[in-house]
Amino acid sequence: MAHKKGSAGIRNILLSREYSKLKVERDPIVVNFFNRFHLPIDRLTAKKVYKFWAMDRLDNKLSQFVYRFINGKLKLNVHLAHFRPPLSDGMCTFCKIKNENTMNKETYLHLFFECPKIDPCYRYFMGRPAFKCRELMISDNMLQKVILFSFLYSIWRVRCCN
């Protein structure tokens, strides 16, 4: 049987309450998220990460940021360079500010976890280097997750101001 496009299939599953048929860990958006940050993926972790943005206790702006972050919808310089080459070269905003010779492409991984200009902030506010904070996204500790995503949101806001 050929796979049909559209939402009828998922709507039927949701209405019949057969949630076990949903393979969250196979969803392309979820798989891309875990691949983007080189994190291990399993069904339980995928569900926790994907549902985190919908927490009713999150501030609305933070919730929108987390949704865009998880779904890969933030407009980084590497994306803007594709559509507006004269205005953006795709390089990291923070690396450009520091006028470093070793400028990197502004990807999710670089901007939020690998940029050498951000690492001192992680060490000061989070008490650990940036590359070790990636695992907090899949942590069971909700407070750590909220703190991490709040910190990522503040990085994003500073980046957008420059």
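To be clear, the structure that these remarks concern was listed above.
Residues numbered from 1 in each chain as written. Predicted model: local features only at pLDDT ≥ 70, side-chain atom pairs only at ≥ 80, totals over all residues. Heavy atoms only, no water.

Caption draft 1: Main features of the overall build of the chain. In terms of helices and strands, the chain carries ten helices and zero strands. Traced from its N-terminal end to its C-terminal end, the chain shows the element sequence α-α-α-α-α-α-α-α-α-α. Counting all 162 residues of the chain, 36% fall into the buried class. Across the chain, every contact between residues at least 6 apart in sequence was considered, and the portion connecting residues at least 24 apart equals 49%. In the structure as shown, the chain presents an accessible area of about 10600 Å², 56% of it carried by carbon and sulfur atoms. (Helix = DSSP H or I, 4+ residues; strand = E, 2+ residues; numbered from the N terminus. Buried < 20%, exposed > 50% of the residue type's maximum accessible area, 1.4 Å probe, protein only. Contact = heavy atoms within 4.5 Å. Areas by Shrake-Rupley, 256 points an atom, 1.4 Å probe, with all protein chains shown as cover.)

Caption draft 2: Fine view of the nonpolar core. Core analysis: the largest hydrophobic core is formed by 40 residues, its most contacted members being Phe69, Phe112, Phe113, Tyr122 and Leu152. Counting only elements with at least two residues in this core, the list comes to helix H2 (28-36), helix H3 (43-52), helix H4 (60-71), helix H6 (93-97), helix H7 (108-114), helix H9 (130-133) and helix H10 (142-161). The element that contributes the greatest number of residues to this core is H10, accounting for six residues. Setting aside chain neighbours within four positions, we find Leu152 in contact with Phe65, Phe69, Phe112, Phe113 and Tyr122. (Core = buried A, V, L, I, M, F, W, Y, C linked by side-chain atoms within 4.5 Å.)

Caption draft 3: Quick peek at H10. Under the 1.5 Å per step criterion, the end-to-end length of H10 is 29 Å for 20 residues, consistent within 8% with the ideal 28 Å. Of all the positions in H10, only Lys145, Leu148, Phe149, Phe151, Leu152, Ile155, Trp156 and Arg159 are classed as buried. One face of H10 carries all of its buried residues, which in axial projection span an arc of 155°. For H10, exposure combined with an orientation more than 90 degrees from the buried face picks out Leu143 and Cys161. Its side-chain oxygen 3.0 Å from the backbone nitrogen of Leu143, Asn141 forms the N-cap of H10. (Expected span 1.5 Å × (residues − 1). Arc of directions from axis to C-beta. Polar contact = N/O pair within 3.5 Å; in protein donor to acceptor, adjacent residues only side chain to side chain.)

Caption draft 4: Here's a closer look at the packing of aromatic side chains. Inspection of the entire model under this criterion finds 19 aromatic pairs. Ring geometry for Phe65 versus Phe69: centroids 5.7 Å apart, planes at 35°, classification tilted. In this pair, Phe65 and Phe69 are both assigned in helix H4, four residues apart and thus about one turn of the helix distant. Here the two residues Phe65 and Phe69 agree in accessibility, since each one is buried. Ring centres of Phe112 and Trp156 lie 6.4 Å apart, and the angle between their planes is 35°; on these two criteria the pair is classed as tilted. With Phe112 in helix H7 and Trp156 in helix H10, this residue pair connects regions lying 44 residues apart in the sequence. There is no split in this pair, since Phe112 and Trp156 are both buried. (Phe/Tyr/Trp six-rings, centres within 6.5 Å; stacked < 30°, edge-to-face > 60°.)

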